[in-house]
Structure formats: C-alpha cells, structure tokens
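Read off the chains here:
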Amino acid sequence: MVRGFLLFLLLGSLNVVAAAQGTACKANEFPVGIINIKGEPFRGLNPSSFTAHLGRNHLAVKSMTFDDGPRRIALVVDASKKLNEDTRKAERLLVQTLLGARKEDSYALVVARGPEHTVKFGEDRKSILEAIPQEPPAGKPQNPGVLDAVAQALQMFGTP
C-alpha cells in the first residue's frame with residue numbers, strides 16, 4: 001500500500017514540460033526529475049535508460065544532464081474523510097521522508113479536502129508536518145478539491 005502510494009507520488013512529481021516549436025525543430029528539452037524513495041536522484045542513468053515516443057514513432061534520447069541544484073517542491077496532501085487510517089499514515093510517512101531527504105530543497109504544502117492549511121515556501125519544515133491533519137475532518141470539507149489544491153500549489157511558484 002505504501003509502495004503503491006509512493007510510486008503514485010513519484011510519478012506525480014515527475015515534472016515533464018515540453019515546448020513544441022513546430023516541425024522544423026530538431027530537438028526539444030524535457031526537464032525530468034527522477035528520484036528514489038528517499039528523494040535522492042538516481043545515479044548511473046544515461047540516454048539509453050530512457051525511451052521516447054511521438055505517436056507510434058520511437059525517438060532517440062541523445063543526451064542528458066544531472067541537476068543537483070536546490071529544488072522547490074509543492075506537496076498536495078489529500079485529507080478527505082474517505083481515506084482510511086493506513087493511507088493517512090502513508091501520506092505522513094511519505095512527507096517525512098521527503099522533508100528529510102535534501103536539506104537544500106524548499107517545500108510548500110496545500111491540504112485538499114480537509115481543514116484549510118497552507119504552508120508557503122521558506123517556512124519551517126516542522127510546520128509542514130503540523131499542517132497535515134491526522135484525523136478525518138468533521139463535517140463538510142473547508143478546503144478545495146484535489147485539482148483546485150494542485151492549481152493553488154502551482155500558483156505558489158509564482159510567474160516563471
């Protein structure tokens with residue numbers, strides 16, 4: 001259960017952005033962050049470790065670089081009363097693991113479908129753990145749904 005949730009978060013945290021520049025363009029850059037369960041970047045990867053497809057066509061990955069600079073990571077935690085106790089524990093454990101991974105990273109948090117809690121970038125990491133509800137919310141959720149919380153988290157990054 002925890003591994004499945006961690007895999008879900010890992011896939012959700014892969015930040016893949018591509019700017020299509022028309023048919024005349026020969027190469028695109030795709031920033032991708034690939035981390036292990038402890039939040040550390042995978043080492044030993046090379047271009048042949050990846051595959052890319054455009055429709056049914058296979059594209060070759062020609063080069064790649066590692067970026068070990070500080071990251072800003074916005075976490076969205078679902079506090080729905082429909083979640084069971086094990087899922088809540090898994091959320092908390094996952095967030096604790098990420099917060100302890102790299103000291104140079106900065107974190108923000110938005111709670112979805114529960115008590116309204118937001119922690120902005122630069123605030124103490126303890127406040128992130130304190131903002132995660134440990135009990136299901138009573139009554140109707142005060143905070144936005146998951147997609148609205150993701151949109152709110154994206155706004156925390158500011159203008160590119």
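Residues numbered from 1 in each chain as written. Predicted model: local features only at pLDDT ≥ 70, side-chain atom pairs only at ≥ 80, totals over all residues. Heavy atoms only, no water.

A. Representation of the overall build of the protein. A tally of regular secondary structure across the protein gives four helices and five strands. Secondary structure elements of the protein occur, N-terminal to C-terminal, as α-β-β-β-α-β-β-α-α. For the protein, the proportion of contacts with a sequence separation of at least 24, taken over those separated by at least 6, is 61%. (Helix = DSSP H or I, 4+ residues; strand = E, 2+ residues; numbered from the N terminus. Contact = heavy atoms within 4.5 Å.)

B. How the structure looks around a nonpolar patch on the surface. A grouping of Val146, Val150 and Leu154 is seen on the molecular surface, where their side chains present a nonpolar patch of about 230 Å² in accessible area. In this fold, Val146 is placed in helix α4 (residues 146-155). (Patch = residues over 30% accessible without salt bridge, like charges linked within 9 Å, V, L, I, M, F, W, Y side chains within 5 Å. Areas by Shrake-Rupley, 256 points an atom, 1.4 Å probe, with all protein chains shown as cover. Salt bridge = Lys/Arg side-chain N within 4 Å of Asp/Glu carboxyl O.)

C. Structural detail: the packing of aromatic side chains. The tally for this structure, following the rule as stated, stands at one aromatic pair. Plain terms: the ring middles of Phe121 and Phe157 are 5.1 Å apart, the flat faces sit at 50° to each other, and that makes the pair tilted. Placement of Phe121 in the loop between β5 (118-119) and α3 (125-131) and of Phe157 in the segment after α4 is noted, with a sequence separation of 36 residues between them. Between Arg72 and the ring centre of Phe121, over which it is positioned, the NZ or CZ distance is 4.9 Å. (Phe/Tyr/Trp six-rings, centres within 6.5 Å; stacked < 30°, edge-to-face > 60°. Lys NZ or Arg CZ within 6 Å of the ring centre and 35° of its normal.)

D. A look at the sheet that holds strand β3 (residues 72-78). Spatially, the three strands line up as an open sheet ordered β3-β4-β5, and their pairing is mixed. For this open sheet the edge positions go to β3 and β5, each flanked by a neighbour on one side alone. Sheet analysis places strand β4 (residues 106-112) next to β5, joined by two bridges and oriented antiparallel. Residue pairing in the sheet places Leu109 in a bridge with Val119 of β5. Against the sheet, helix α2 (residues 85-101) touches β3 and β4, its axis set at about 170° to β3. The strands touched by α4 within the sheet are β3, β4 and β5, with β3 carrying the most contacts at an inclination of about 160°. (Pairing = 2+ DSSP bridges. Axes fitted to C-alpha atoms, helices over the stretch in contact; angles between N-to-C directions.)

E. The nonpolar core, seen in detail. Membership of the largest hydrophobic core comes to 16 residues, with the highest contact counts inside it found for Val95, Leu109 and Ile128. Listing elements by their share of this core, those giving two or more residues are β3, α2, β4 and α3. Here this core takes four residues from α2, the largest share from any one element. Grouped together as the second largest cluster of nonpolar side chains are seven residues, Val110, Ala112, Ala153 and Met156 included. (Core = buried A, V, L, I, M, F, W, Y, C linked by side-chain atoms within 4.5 Å. Buried < 20%, exposed > 50% of the residue type's maximum accessible area, 1.4 Å probe, protein only.)

F. Highlighting the pairing of β3. Strand direction decides the pairing type here: β3 and β4, joined by seven bridges, are parallel. Each bridged residue has a counterpart across the sheet, and for Ile73 the counterpart in β4 is Tyr107. Each parallel crossover has a hand, and for β3 linked through α2 to β4 it is right-handed. (Right-handed = clockwise from strand over helix to strand, strands pointing away.)

G. Local environment of α2. With 17 residues, α2 ought to run about 24 Å at 1.5 Å a step, and its terminal C-alpha atoms sit 25 Å apart, in line with that. A side-chain oxygen of the first residue of α2 lies 3.1 Å from the backbone nitrogen of Asp86; this N-cap is Asn84. (Expected span 1.5 Å × (residues − 1). Polar contact = N/O pair within 3.5 Å; in protein donor to acceptor, adjacent residues only side chain to side chain.)

H. Local environment of the pattern of salt bridges. Considering all chains together, one arrives at three salt bridges under this definition. As a salt-bridge pair, Arg71 and Asp105 come within 2.9 Å of each other at their nearest N and O atoms. Of this pair, Arg71 sits in the loop between β2 (57-59) and β3 while Asp105 sits in the loop between α2 and β4; the two residues are 34 residues apart in sequence, bridging distant segments of the chain. Among the ionic pairs, Asp78 bridges to Arg113, the shortest N-O distance being 2.4 Å. Here Asp78, found in strand β3, pairs with Arg113, found in the loop between β4 and β5; they are 35 residues apart in sequence, far enough to count as distant. A relative accessible area of 15% places Asp78 in the buried class.

Function cannot be read off these values alone, since they describe shape.
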